[in-house]
Amino acid sequence: FLISFTVWICLIAKLPETNRSPVSKFSMISFFQGFQSLWQDKNLLGSAILMGVANGILYCFYSEGSFYLIEGLKLKPSHYGWLYFLISLGLTAGSLYSHRCHKQGILYSTLLDRAILVLALSSVLWAVLAVFHVVHLDHKTSSICLAELFLSGIFFSVGIIIPTVLANALENYREKI
């Protein structure tokens, strides 16, 4: 990690394609001042945390979701495929909702608050149902419907969070590039 970070810094400092102002020299002091200003920006840190959570949710679902749903609920792979298709509609609906809200001029913070609320409620309710074994094989149909409902809610919020955070970053940090 340290070697790749050092190579990355050297490439930024020396390559003419990445060095926009060839007159100024690269200094570690200005680099650390820039890093410090980014670290103190609460909006940027919050955005980074939200993006990390959203991408973490997607990664966890893609890596482990199929095993839980196929093995835990004894789904056939084709049924899991259909369930995943329906869950992905939640992500698409969240992205479309985010787009519509941006066009209406709804504040980023309001939209993110809504997404975080949906994410928290869906995640907590899904976790409670899983921990207390409400979702199990005795009630396979209702378990599949509950999985669809809560996982779609989680993906709906991720579909809001990712484009909203990226749009906010483009709008707020354009002058700093």
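Calculation rules
- Residues numbered from 1 in each chain as written.
- Predicted model: local features only at pLDDT ≥ 70, side-chain atom pairs only at ≥ 80, totals over all residues.
- Heavy atoms only, no water.
- Helix = DSSP H or I, 4+ residues; strand = E, 2+ residues; numbered from the N terminus.
- Buried < 20%, exposed > 50% of the residue type's maximum accessible area, 1.4 Å probe, protein only.
- Contact = heavy atoms within 4.5 Å.
- Areas by Shrake-Rupley, 256 points an atom, 1.4 Å probe, with all protein chains shown as cover.
- Axes fitted to C-alpha atoms, helices over the stretch in contact; angles between N-to-C directions.
- Parallel < 35°, antiparallel > 145°, perpendicular 65-115°, else oblique.
- Left-handed = near helix turned anticlockwise from the far one by under 90°.
- Nonpolar A, V, L, I, M, F, W, Y, C, P; charged D, E, K, R; others polar.
- Core = buried A, V, L, I, M, F, W, Y, C linked by side-chain atoms within 4.5 Å.
- Phe/Tyr/Trp six-rings, centres within 6.5 Å; stacked < 30°, edge-to-face > 60°.

A.B. asks: Looking at this model, I keep getting lost on the overall build of the protein chain. Mind explaining?
C.D. replies: In terms of helices and strands, the protein chain carries 6 helices and 0 strands. Helices and strands in the protein chain line up, N terminus first, as α-α-α-α-α-α. Here the protein chain holds 177 residues, and the buried ones make up 29% of them. Pairs at least 24 apart in sequence give 73% of the contacts found in the protein chain among residues at least 6 apart. For the protein chain, the computed accessible surface area is about 11,900 Å², with 71% contributed by carbon and sulfur atoms.

A.B. asks: What's the story with the packing of helix α3 (residues 42–72) against helix α5 (residues 108–131) in this structure? I'm lost.
C.D. replies: For any two helices packed against each other, the geometry is given by the interaxial angle and the distance between the axes. Two numbers describe how α3 lies on α5: the axes approach to 13 Å, and their chain directions differ by 30°. Of the possible angle classes, the one that applies to α3 and α5 is roughly parallel. In the crossing of α3 with α5, the sense of the turn from one axis to the other is left-handed. Of α5, the residues touching α3 (which contributes Leu50, Val53, Ile57 and Tyr68) are Leu112, Ile116, Leu119, Trp126 and Ala130. For the contact of α3 with α5, the residue count by class is 9 nonpolar, no polar and no charged.

A.B. asks: Any chance you could explain the nonpolar core here in plain terms?
C.D. replies: Looking at soluble globular proteins, one finds that nonpolar side chains tend to be buried together. Phe61, Leu69, Leu151 and Ile161 are the most contacted members of the largest nonpolar core, which totals 30 residues. At 10 residues, the largest contribution of residues to this core is made by helix α6 (residues 140–172). What leucine 151 contacts, discounting residues up to four positions off in sequence, is Phe61, Leu69, Ile87 and Trp126.

A.B. asks: Can you walk me through the packing of aromatic side chains in this structure?
C.D. replies: For any pair of aromatic rings, the description consists of the separation of the ring centres together with the inter-plane angle of the planes. Counting across every chain of the model gives 7 aromatic pairs. Measuring from ring centre to ring centre gives 6.0 Å for tryptophan 82 and phenylalanine 85, while their planes differ by 85°; the resulting arrangement is edge-to-face. One end of the pair, tryptophan 82, and the other, phenylalanine 85, are both in helix α4 (residues 77–104), 3 residues apart, so they sit about a helical turn from each other.

A.B. asks: Looking at this structure, how should I read the environment of aspartate 138?
C.D. replies: Among the secondary structure elements, aspartate 138 is positioned in the loop between α5 and α6. Residue aspartate 138 is classed as exposed on the basis of its relative accessible area of 65%. A sequence separation of 65 residues divides aspartate 138 from leucine 73, and the C-alpha atoms of the two residues are 9.4 Å apart.

A.B. asks: Which parts of the structure should I look at to understand the side chain of serine 98?
C.D. replies: Locating serine 98 in the fold gives a position in helix α4. Given the relative accessible area of 1%, serine 98 is considered buried. Dropping the residues within four chain positions of it, serine 98 is found in contact with Leu111, Gly159, Ile160, Pro163 and Thr164.

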